[in-house]
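# Breakdown of the fold
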Amino acid sequence: MYPQLLTYLLEFIKFQDQMIRTLQTLLIGKNMFEKPTEEPVNKPYRKLQVDDLPIIETFEKLNYKILLEDYSMEHGKPLKPVKRHAHSKMTVPKSMNCPKCGAPSDYLYANNGSKGQFLCKVCSCLFSDKNRFSKEAILRCPHCAKTLEKIKERKDFSVFKCKNNNCPYYLKKRDGMSSKEKKRFKKDPQAFKLRYIFRQFHVDYLPLSKQSPELPRVNLSKIHASPHTLGLILTYHVNYGLSARKTAAIMQDVHGVAISHQTILNYENSVALLLKPYVDYYPYELSDQFCGDETYIRVNGKWHYLFFFFDAVKKIILSYPVSPNRDTLTAIHAIDEVLVKMKEIPEDLTFVVDGNPIYLLAQHFFAQHDIQFDVKQVIGLTNEDPVSTESRPLKQVIERLNRTFKGNYRSTHGFGSEHGSVSYVTLFVAYFNFLRPHASLEGKVPVVNPSLSGLPTMPARWTKLIELAQQWIVKQRLA
C-alpha cells in the first residue's frame, strides 16, 4: 500500500508542476522556464597603453643659503624669517620647502590663506603644494613639444595629456581610424586612445635606498631538533617539494622522528627569517642579461602574485616580492631589488619582461628619479615582432624558473598567510641560489661557496648555510 501511495504523490507533484508552467505561459506570454536565447554582451575595453617618456625641462636650482648671504652683504643686515601672528589661521607645514631655492618653511608665506598658495621670501617663487613639480620641471609632449596638462589625480600617480589638436601623435592616430572605428568613436570616445598620455608617479618610495637590513632575533638553538634533523626537514620540504604533512610523515616513517606538520612550518618561518637578509644582501657577481615575470600563488584562499627577476646567465634569483596585487608599485619594488644588488648600473641595462604595461610604468617611475634602463617586452606565444624574436630565449628562461618553482610549490596547495608564503619563497630562493646544481652551469650552483661545496650531503649544506647566515648577522650587528 505504501509504494502505491508514494507513486501517486510523485505523479500528483509532476501534474502540479505542469499546471504552474502552463498558467505562467498563458499569463506572461512566454515560457519562464526556458533559458534565455540572447548572448551576453561582449563589450571590448581599451587596454592600457604606455607612451614614450615626455620631454622634461628643468629650471635652474638656487641655493637659499647663498641668497641669504647675498642679501646680508647687499643690505647690511640678515633677511629675517616670516613673522606670523599668534592667532593666524594661515599656516605653512614644517616639512615644506621652496621648490626653487630650498628655503625652509620659516621663509614661506601662506600667500592666499587656506587656498594652498605659498610665496618664498628668499627667491620670490610663487607656488602651491599641488603644482610644486611644475615649478621644478615642465613636462612636454615628445611629439609636438607642447606643455602637458594634468587631467587626473590618482592615488599613486597623476595623469598628464597633450591637448594640442595639431600634435603629430594625435593626427596619426585620428587619421588611421577606419570608418567603422570613427562611427564607434562618436558614440564611445573613451574606448579609443588618440592623445599622448604620461603618468607621473608620486608614490612614497625612494629607489636605490640602501637601508640597513632587518636583522631577526631568532635562536634556532632552542628548537627541539638537532641541526641534522633540521637539515633533513628542509631538504624534504624545500628541495623535493614535499608538503609539511608529507615531510612529517617521512620523518616518522623513515627516520623515526616524531614531529608535527605545524612544527615544520614553525621551523620554516624561523629559518626564513635568518636567511632572508643574507640572501637579499649577498654580494652577487652579476651578468648583463636580466629577465622578469610574475606567477600565481594561493594565499588565504586568494590569488597572489610572485614577481621573479632573474640573472639569466648566472642563474641567480635577484628579486622575489609577493603581492596581492599585480600593480605598478610591486613592479617598481621588484626592479629596485635588482638595482640595489648592482655595484654600478650599466648604461645599456635592459630587462626582458612580458607584455604587462606595469613594467613600462615602472620604467617611467625610475626615469623620473634619473635612473635609466630599457624594457623589452616579449608579447604572446609567437614571435610577431622583432623584439619578441630577439628576446624570446630570455623570456623562456624565466618561464622555466616559474615551472621549477611551481613544481616545488604545488604540493603545499597554497599558504594560510602572507608571512607563510614569503617564508617558503625565501627558502626556495636560498636553495636555488646557493644549493641547487644547474645543468647549464656544468652541474655547479649559481653562487659557489667553498664552505658549502665541500660538504657531502644536502642536510649538511642546509645546516652550514644557516650557520653562514647567523655569522653574517652577528657581523652586521657588531658593525
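Heads up: the structure comes first, above all this text.
Rules used in this analysis
Residues numbered from 1 in each chain as written. Predicted model: local features only at pLDDT ≥ 70, side-chain atom pairs only at ≥ 80, totals over all residues. Heavy atoms only, no water. Pairing = 2+ DSSP bridges. Helix = DSSP H or I, 4+ residues; strand = E, 2+ residues; numbered from the N terminus. Axes fitted to C-alpha atoms, helices over the stretch in contact; angles between N-to-C directions. Buried < 20%, exposed > 50% of the residue type's maximum accessible area, 1.4 Å probe, protein only. Contact = heavy atoms within 4.5 Å. Patch = residues over 30% accessible without salt bridge, like charges linked within 9 Å, V, L, I, M, F, W, Y side chains within 5 Å. Areas by Shrake-Rupley, 256 points an atom, 1.4 Å probe, with all protein chains shown as cover. Salt bridge = Lys/Arg side-chain N within 4 Å of Asp/Glu carboxyl O. Lys, Arg positive; Asp, Glu negative; His and termini not counted. Charge placed at Lys NZ, Arg CZ, Asp CG, Glu CD. Phe/Tyr/Trp six-rings, centres within 6.5 Å; stacked < 30°, edge-to-face > 60°. Lys NZ or Arg CZ within 6 Å of the ring centre and 35° of its normal. Disulfide = S-S within 2.5 Å.

Across the sheet, 3 strands lie side by side as β6-β7-β8; this open sheet has antiparallel pairing. Of all strands in the sheet, those with a lone pairing partner are β6 (149-153) and β8 (197-201), marking the two edges. Averaged over all neighbouring strand pairs, the angle between strand axes comes to 30 degrees, with direction disregarded. In this structure, strand β7 (residues 157-161) lies alongside β8, joined through 5 bridges in antiparallel fashion. In the sheet register, Lys-161 faces β8, and the bridge partner there is Ile-197.

Burial of the side chains of strand β3 (residues 117-120) is restricted to one face: Phe-118 and Cys-120 are buried, whereas none of Gln-117 and Leu-119 on the reverse face is. With 3 bridges connecting them, strand β2 (residues 108-110) and β3 associate as antiparallel partners. Each residue of the ladder has a partner; that of Leu-108, found in β3, is Cys-120. Here β3 pairs with strand β4 (residues 126-128) via 3 bridges, running antiparallel. Within β4, the position partnered with Leu-119 by the bridge is Leu-126. Where β3 folds back on β4, the antiparallel hairpin that results is connected by 5 residues, among which Ser-124 adopts a positive phi of roughly 60 degrees.

Within the secondary structure layout, Thr-235 lies in helix α6 (residues 227-239). Since its relative accessible area comes to 6%, Thr-235 is described here as buried. Thr-235 has contacts with Tyr-240, Met-458, Pro-459 and Trp-462, leaving out every residue within four places of it along the chain.

A separate point is the pairing of strand β9 (residues 290-299). Of all the 10 residues making up β9, 8 are buried; the element is thus mostly covered by neighbouring parts of the structure. Looking at chain direction, β9 and strand β10 (residues 302-311) are connected through 10 bridges and run antiparallel. Counterpart to Tyr-296 in the pairing with β10 is Tyr-305. Following β9, the chain reverses through 2 residues before pairing antiparallel with β10; Asn-300 in that reversal takes a positive phi of roughly 55 degrees. As paired elements, β9 and strand β13 (residues 350-353) share 2 bridges and run parallel to each other.

Once that is clear, we can look at a positive patch on the surface. On the surface, Lys-182, Lys-183, Lys-186 and Lys-187 cluster together into a patch of positive charge. Mapped onto the elements of the fold, Lys-182 is located in helix α5 (residues 179-187).

Further remarks concern the packing of aromatic side chains. For the coordinates displayed, the defined rule picks out 26 aromatic pairs. On the basis of an interplanar angle of 20 degrees and a centroid distance of 6.4 Å, the ring pair of Tyr-281 and Trp-472 is categorised as stacked. With a gap of 191 residues between them, Tyr-281 in the loop between α8 (261-280) and β9 and Trp-472 in helix α14 (residues 458-478) connect regions that are remote in the sequence. What makes Tyr-281 partly exposed here is its relative accessible area of 39%. For Trp-472, a relative accessible area of 18% translates into the label buried. Here the basic side chain of Arg-195 rests over the ring of Tyr-170, its NZ or CZ set 4.0 Å away from the ring centre.

Here we come to the state of the cysteines. By definition, a disulfide links the sulfur atoms of two cysteines through a covalent bond. Within the structure shown, the criterion is met by 0 disulfides. Of the cysteine sulfurs around Cys-101, a residue in no disulfide, the closest is that of Cys-123, at 3.6 Å. Unpaired in terms of disulfides, Cys-125 finds its nearest cysteine sulfur in Cys-98, a separation of 4.5 Å. Judged by its relative accessible area of 8%, Cys-125 is buried.

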